[in-house]
Every structure is written in structure tokens, then in C-alpha cells.
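Chains, contacts and geometry: an overview
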Amino acid sequence: MEKSYIEKIQIHKTNKVAGLHPATKFLVVIMYTICTFVLSSVSLTKIGLPLLAIPWFLVVLLLCAASGALNKCLKALKAVVFIALIIFVVQTFLVPGGEVLVRFGFLKICEKGLRTAISLSFMILDIAGIFVWLFQTTENKEISRALEESGMNYKAAYVFTSTLQMINILSDNSKTIMNAQRARGVETEGNMLIRAKAFFPTLVPLVLGAVMGSEERVLTLEARGFSMQGEKTHLFNLEKSGAEGAFKVVSILITVLVVVGRIALWIL
């Protein structure tokens, strides 16, 4: 039997972790972020390195693997890892202070530089990683529906989700324009100068396409009564995986233990 339109737009996830309610996922993100800041403040070894921030990133990988989206999350994490690596190298070799640990010619690694590098780079990696897990396992319309359920104005929820969608739309349009340029014989690959010459001419059709697309979206929304006052009906409804309670309890419990442990270390 053919499914109706309402049945087709629903999202059914068999994986309980990926199928968590967006509100529960957001709670996990908040608790994980709090733990990241707390663990980054714990100093180990004689020179006070925040080493606990390094294995804490494994929690993100475990969540991605448990959600069945490890490969997809790893692709999204490549840019984050690259930025974190740059920050680590720059902070390690350029921040002076404390005893010189290692010297490579005119370059040297100081205590403060290594401590700052580990703290800053892994803090960025941990926090960005947990948000990657959130957005890679949750569709935009799930986030929008969850925001409306939380009491947010439907217009503000639409602006938030349309902003997320615009990134993918502009990226796809940019690739289409670049392919069209290649078909016309325009050189788009090579050194940075050649790439810049090929990129800047694509900005005009990209911006114009975005403006025209926004006008079409406005007309579509008005045709559906977006600005009409009154109670709104929803064809798409969120489903719960059944593991929300367990994840809430575990995430809050771990956060409390981490905070209490940090306070105990500070007192002792």
C-alpha cells in the first residue's frame, strides 16, 4: 500500500542514539561542554598540562559510533581537526613562558606554550566535535520542530533552520557554477592565484541566485499561510527513541561527578 504524504515526511530512526529527541541531544551537548571546561582546568604532571582534555574527545567518537554515523562525522571533523592542529602548533612554538622543554634550532617549546596549546586546541576540538555529532545525527526539520515545542516563536525557529540550510544551498550552488565554468573552458584548478581568479567571478551569480531563491521562498511561505495569525498545525511530528531518560540521567550524573571531583581537587 502506498504511503500518504504525511507518512513519507516522517522520520523513523532504528538507531536509539541517533533517534534521541533533539532536546535530549542538546542537553547532552550542554553537559559535555560543561565537563570540557572543567576537565581543561585540571592540571597534571609537574608542568601542569591539562591532559584530561585529550581522552575526553573519545566520548564524541563513541557517540558518533553508537549513532551509526561515525564515517559521516569524521568527514565533518576534518576541518575542525585541521584548525585545532594549526592552533596547537602556533601556540606550542610561539607562546613563551616558563622553562624551555625542547629546542629545535631557533624554535623552542616552553611550558606555558605547551600548556596553552593542549588546553585551547582540545577545547575547540571537544566542543566543536560534540556539535558535529548533534548536527550530523539530527535533521534541520527535527531541530525546527523541537524549537517550536520548546516555546520558541515559529518565525525565529524558521530563521534558525533556514540559516543552517542556506549553508548547504550556497555550497551546492557554488559547485554548480564552478562546474559550468569548467565546461566553458575556464581554468579553475592550480595555484592560489588561478583559483582566486576562477572563484571571484562566481560570487555575482551566487549572490543573485540566493536573492532570487529567497523571493521564491517568501512566496511559498505566504501561500502556506506562514504569516497568518492563529494556532499552527504540523504535519511533521517528532518521535522519541525511548532512551531519552537514560541519556539525561547519565549525562547529568557524569557532569555532577566531574564538577564534584574538580571541587575536591581544588580543596585538597
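1. Topic: the overall build of the chain
- For the chain, the helix and strand inventory stands at 10 helices and 2 strands.
- Across the 268 residues of the chain, 34% fall into the buried class.
- For the chain, the proportion of contacts with a sequence separation of at least 24, taken over those separated by at least 6, is 69%.
- For the chain, the accessible area works out to roughly 17000 Å², and carbon and sulfur atoms hold 68% of it.

2. Overview of the packing of aromatic side chains
- Tallying each qualifying case throughout the model produces 2 aromatic pairs.
- Considering the side-chain rings of Y32 and W56, the 4.9 Å spacing of their centres and the 10 degrees angle between planes classify their relative orientation as stacked. Of this pair, Y32 sits in helix α2 (residues 22–40) while W56 sits in the loop between α2 and α3 (58–66), and the two are 24 residues apart along the sequence. Take Y32 and W56: they sit in the same class, and that class is buried.
- An angle of 20 degrees between the planes, with centres 6.5 Å apart, marks the rings of F131 and F135 as stacked. Taken together, the residues F131 and F135, both in helix α5 (residues 111–136) and 4 residues apart, mark about one turn of the helix.
- You can call F135 partly exposed: its relative accessible area is 34%.

3. A short note on the nonpolar core
- In this structure, V60, L114, L125, I130 and W133 are the most contacted members of the largest nonpolar core, which totals 32 residues.
- Looking at this core element by element, the count peaks at 8 residues for α5.
- Setting aside residues up to four positions removed in sequence, W133 forms contacts with V17, K25, V28, V29, L63, C64, S67 and C73.
- The next biggest cluster of nonpolar side chains, apart from the first, holds 5 residues, and it includes I9, A146, F236 and L238.

4. Some thoughts on a nonpolar patch on the surface
- On the surface, F26, I30, I34, F131, F135 and F160 cluster together into a nonpolar patch covering about 480 Å² of accessible area.
- Counting only elements with at least two residues in the nonpolar patch, the list comes to α2 and α5.
- Within the element layout of this structure, I30 appears in helix α2.

5. Comments concerning the packing of α3 against α5
- Axis separation between α3 and α5 bottoms out at 9 Å; the angle between their running directions is 10 degrees. Relative to α5, the element α3 lies roughly parallel. Counted together, V60, L63 and C64 of α3 and D126, G129, I130 and W133 of α5 form the full contact between these two elements.
- Taken together, the residues of the contact of α3 with α5 break down into 5 nonpolar, 1 polar and 1 charged.

6. Some words on the pattern of salt bridges
- Under the criterion given, the structure shown has 1 salt bridge.
- A salt bridge links E142 to K13, with the nearest nitrogen and oxygen atoms 3.0 Å apart. Here E142 is found in helix α6 (residues 140–149), whereas its partner K13 is found in the loop between α1 (5–9) and α2, with 129 residues between them in sequence.

7. Things to note about the environment of V17
- Mapped onto the fold, V17 is located in the loop between α1 and α2.
- Owing to a relative accessible area of 12%, V17 belongs among the buried residues under this scheme.
- When the C-alpha atoms of V17 and A66 are compared, they prove to be 6.4 Å apart, with 49 residues separating the residues in sequence.
- Once residues lying within four places of it in the same chain are set aside, the contact partners of V17 are K25, L63, A66, S67, W133 and F247.

8. Re the side chain of K25
- Relative to the helices and strands, K25 is located in helix α2.
- Summary of buried charges: K25 has no salt-bridge partner, and the nearest side chain of opposite charge, E142, is 5.6 Å away.
- In this view, K25 contacts K13, V17, A18, L20, W133, L134, T137 and T138; residues no more than four positions away in its chain are not counted.

Conventions we followed
- Residues numbered from 1 in each chain as written.
- Predicted model: local features only at pLDDT ≥ 70, side-chain atom pairs only at ≥ 80, totals over all residues.
- Heavy atoms only, no water.
- Helix = DSSP H or I, 4+ residues; strand = E, 2+ residues; numbered from the N terminus.
- Buried < 20%, exposed > 50% of the residue type's maximum accessible area, 1.4 Å probe, protein only.
- Contact = heavy atoms within 4.5 Å.
- Areas by Shrake-Rupley, 256 points an atom, 1.4 Å probe, with all protein chains shown as cover.
- Phe/Tyr/Trp six-rings, centres within 6.5 Å; stacked < 30°, edge-to-face > 60°.
- Core = buried A, V, L, I, M, F, W, Y, C linked by side-chain atoms within 4.5 Å.
- Patch = residues over 30% accessible without salt bridge, like charges linked within 9 Å, V, L, I, M, F, W, Y side chains within 5 Å.
- Salt bridge = Lys/Arg side-chain N within 4 Å of Asp/Glu carboxyl O.
- Axes fitted to C-alpha atoms, helices over the stretch in contact; angles between N-to-C directions.
- Parallel < 35°, antiparallel > 145°, perpendicular 65-115°, else oblique.
- Nonpolar A, V, L, I, M, F, W, Y, C, P; charged D, E, K, R; others polar.
- Lys, Arg positive; Asp, Glu negative; His and termini not counted.

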